[in-house]
Amino acid sequence: WYFAPSREDIMISMRYADNFANGHGIVWNIGERIEGYTNFLWTVILALPHIIRIPKNITFLFPVTINFILFSVSTYLIYRLLQKVTSSNIVATLASCVLVYFLPYAYWGSMGFETSLIVFLNITVLWLLYSGFQRNTSIYFIAASVTLGIGWLVRDSYIIFLFASILVFIIL
């Protein structure tokens, strides 16, 4: 991973993940207990290629691949969600194109950051809330709550989306 063209933050997460996978804990330097990452669950996920012993010079492909999959699934989900909400293929297609061509999302996701996972979780929460209101079934709201909790584990600033979702739920 030290040969990969990337940004500093993802390399920090990868180093913490490597130490975690090798049994040293989520630490930057072995023996020093300092929390220097901002994306706990993403760091744990990034430990997977180290656990299965993928060579370090290609471990960077793991988060990029995961992000590509999440990017694709998110695009499909936003299309389907807006197709249901608006009953318009045009609106759903335009929104999907906006997501695909939104440069910061594509850039940060392609660099291996947790961006694609956060977007996927956001869209999943919206999908679950919409389904819960449409079907008037609490299981969707429970699933949305669990998804919001997962988002908070990915990045603590996700709490903003969590509060926004609660506010929407209270208003509706």
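Definitions and cut-offs
- Residues numbered from 1 in each chain as written.
- Predicted model: local features only at pLDDT ≥ 70, side-chain atom pairs only at ≥ 80, totals over all residues.
- Heavy atoms only, no water.
- Axes fitted to C-alpha atoms, helices over the stretch in contact; angles between N-to-C directions.
- Helix = DSSP H or I, 4+ residues; strand = E, 2+ residues; numbered from the N terminus.
- Parallel < 35°, antiparallel > 145°, perpendicular 65-115°, else oblique.
- Left-handed = near helix turned anticlockwise from the far one by under 90°.
- Contact = heavy atoms within 4.5 Å.
- Nonpolar A, V, L, I, M, F, W, Y, C, P; charged D, E, K, R; others polar.
- Salt bridge = Lys/Arg side-chain N within 4 Å of Asp/Glu carboxyl O.
- Buried < 20%, exposed > 50% of the residue type's maximum accessible area, 1.4 Å probe, protein only.

## What to know about the packing of helix α4 (residues 61-86) against helix α7 (residues 115-135)
Close contact between α4 and α7 brings their axes to 9 Å; oriented N to C, the two are set at 25 degrees. If you check the angle between α4 and α7, you find them roughly parallel. Seen from above, α4 lies across α7 with left-handed handedness. On the side of α4, the interface is formed by Asn67, Leu70, Phe71, Val73, Ser74, Leu77, Ile78, Arg80, Leu81, Lys84 and Val85, while α7 contributes Ser116, Leu117, Val119, Phe120, Ile123, Thr124, Leu126, Trp127 and Tyr130. Residue classes in the contact of α4 with α7 are distributed as 14 nonpolar, 4 polar and 2 charged.

## Quick word on the pattern of salt bridges
Considering all chains together, one arrives at 2 salt bridges under this definition. Here Asp18 ties to Lys56 by a salt bridge, and the two come within 2.7 Å at their closest N and O atoms. One end of the pair, Asp18, is in helix α1 (residues 8-21); the other, Lys56, is in the loop between α3 (48-51) and α4, with 38 residues separating them in the sequence. According to the relative accessible area criterion, Asp18 is buried, its value standing at 7%.

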